[in-house]
Amino acid sequence: MKGFRYLRNVVTLELRENACIGCGRCVEVCPHQVFRLAQQKARIADRDACMECGACKRNCPVAAIEVDAGVGCATGLINEWLQERKLRAPGGSCCS
Amino acid sequence: MATKLHFADRLGAWKARWGIGRMTYLVPAGLYAIGTPTPDDPVVVTANYKMSYDLVRQALAGRNVWLLVLETFGINVWCAAGKGTFGTDELARRIEATGLAQVVSHRRLLLPILGAPGVAAHEVQRRTGFGVSYATIRANDLPAFLDNSMVATPAMRELTFTFRERLVLVPVEMVGALQPTVVVGAVLFLLAALTAGVSAGFWVLAAYFGAVLAGVVVAPLLLPWLPGPSFAIKGALVGLVWSACCYLFANGAGWHVTTTVALFLALPAVSAFYTLNFTGCTTFSSRSGVKKELRLAIPAMGGAIAVSALLVAAGWFL
Ligand code: SF4
Ligand code: SF4
């Protein structure tokens, strides 16, 4: 996104290129233009732009994409950690 | 269906942003007609958050389009897709419930791109026979998309995060921060008032509220102009400026050095936390990035607050 870049080398996005059938769905859904399509194969062109929304993973018909998608705000993550350690009841997330 | 927005709609939108009666601010899920659509006209899908619905309705004024509204419990497309309520199951259920297959002759649905995290297009196709096309990010690009033979241009697919777009998010964040801020503020006021007098209590309260506002309002608005990619650092910088303002306005030269250091440690930590929380509203920060920031920022912020509290306590004895 123009004018906004987040931390580098942290994103969990993985693409198994041999599984890809080149349908172009990931290019269509990604709001950050992370993928490029060339010779019937998708390729990660701008990994650091990924916001881990999970749209590409959800829409890939052959499950060639893996990404740890989910809650992305500080409060939500802290709540998640507390829940994992059974210190807090489930609930509370970022947007409502 | 009326396509002009009236004052009541705008007032409602304003109230919803500030969290007033937000849960009741929804439109019933179902199939709506904009203009007088025929079985050949396109089907646009949206959430039953009234603001999303109003935006689409307004953008498509003067056209003939079917509007399929999903039950997202009054939550916008992007958040509902993350939670899964704007999702494959609900879409399939709603297509069934409205009898869409009998209403239209084609088999194509137009979805907002930001709904894609919740919807698996290939599953919708398999379960309902309807093909999904992700159209645009913003509702007001829909007319241009329809006129462009339903092909999205790169600009229609690219996210933006303008000053205005950030501004409308601020009230939501302020409402979220209100409760903890009031509780912490009350405790700080009592502590300061009991140990150093009521006027000191008010100074502490003002300094604290200012630091919260620096993190919740100022840093998000200035986001692209604050240096570095880290939200915590952006917030801490605004908090630091606020600390300097406090120092100047409240005659900091007369303070004990422990108070000065405590102030310059605690206020930026408060601002940093609230700015880091804004990552929940942005559409470019990744969860892994926020995790990394938190691992560094929580000890740093906690340490700053702890040292600051110790300094204030030490100040009484010196
Ligand atoms: S959605 Fe999956 S199969 Fe289709 S192009 Fe992308 S990676 Fe390849
Ligand atoms: S997770 Fe979202 S932002 Fe990241 S590559 Fe996939 S669609 Fe793009």
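Residues numbered from 1 in each chain as written. Chains lettered and ligands numbered in written order. Predicted model: local features only at pLDDT ≥ 70, side-chain atom pairs only at ≥ 80, totals over all residues. Heavy atoms only, no water.

### What about the overall build of chain A?
When you go through chain A residue by residue, the secondary structure sums to 3 helices and 4 strands. Helices (α) and strands (β) of chain A occur, in sequence order from the N terminus, as β-α-β-β-α-β-α. Looking at chain A as a whole, 42% of its 96 residues qualify as buried. Contacts in chain A between residues at least 24 apart in sequence constitute 45% of all its contacts with a sequence separation of at least 6. Accessible area of chain A: about 5100 Å², with a carbon and sulfur share of 50%. (Helix = DSSP H or I, 4+ residues; strand = E, 2+ residues; numbered from the N terminus. Buried < 20%, exposed > 50% of the residue type's maximum accessible area, 1.4 Å probe, protein only. Contact = heavy atoms within 4.5 Å. Areas by Shrake-Rupley, 256 points an atom, 1.4 Å probe, with all protein chains shown as cover.)

### What about the confidence of the model for chain B?
Looking at chain B, the pLDDT average stands at 89 and 92% of residues meet or exceed 70. Predicted as a complex, the structure gets a pTM of 0.83 and an ipTM equal to 0.87. (pLDDT = per-residue confidence, 0-100.)

### Quick notes on the site of ligand 2
By nearness alone, every residue bordering ligand 2 is listed as Leu13(A), Cys30(A), Val34(A), Phe35(A), Cys50(A), Met51(A), Glu52(A), Cys53(A), Gly54(A), Ala55(A) and Cys56(A). Class assignment for the residues of the shell around ligand 2 results in 9 nonpolar, 1 polar and 1 charged. (Near = heavy atom within 4 Å. Nonpolar A, V, L, I, M, F, W, Y, C, P; charged D, E, K, R; others polar.)

### Looking at the interface of chain B and chain A
It is common to give the size of an interface as the accessible area that goes away when the parts come together. Contacts between chain B and chain A engage 47 residues on the former and 43 residues on the latter. For the pair chain B and chain A, the summed buried surface comes to about 4000 Å²; carbon and sulfur atoms form 59% of the total. On inspection of chain B and its partner chain A, the count reaches 3 salt bridges. Residue Asp68(A) pairs with Arg287(B) through a salt bridge whose shortest N-O separation is 3.3 Å. (Buried area = accessible area lost by both parts, 1.4 Å probe. Salt bridge = Lys/Arg side-chain N within 4 Å of Asp/Glu carboxyl O.)

### Let's talk about the site of ligand 1
In the vicinity of ligand 1 there are 13 residues, among which Cys20(A), Cys23(A), Gly24(A), Cys26(A) and Cys60(A) approach most closely. Of the residues in the shell around ligand 1, the class split is 10 nonpolar, 2 polar and 1 charged.

### Looking at a nonpolar patch on the surface
Residue and element names in this part refer to chain B. On the surface, a cluster of nonpolar side chains totalling about 480 Å² of accessible area is made up of Phe-163, Leu-167, Val-218, Leu-222 and Trp-225. Every element with two or more residues in the nonpolar patch is listed here: helix H9 (163-167) and helix H11 (198-222). Mapped onto the fold, Phe-163 is located in helix H9. Judged by relative accessible area, Phe-163 falls into the partly exposed class, the value being 40%. (Patch = residues over 30% accessible without salt bridge, like charges linked within 9 Å, V, L, I, M, F, W, Y side chains within 5 Å.)

### Considering the pairing of strand S2 (residues 43-47) of chain B
Residue and element names in this part refer to chain B. Within S2, 5 of the 5 residues are buried, which leaves the element mostly enclosed by the surrounding structure. Sheet topology note: the S2/strand S3 (residues 65-70) ladder contains 5 bridges and is parallel. Residue pairing across strands places Val-45 opposite Leu-68, the latter belonging to S3. Handedness of the S2-helix H2 (residues 50-59)-S3 crossover: right-handed. (Pairing = 2+ DSSP bridges. Right-handed = clockwise from strand over helix to strand, strands pointing away.)

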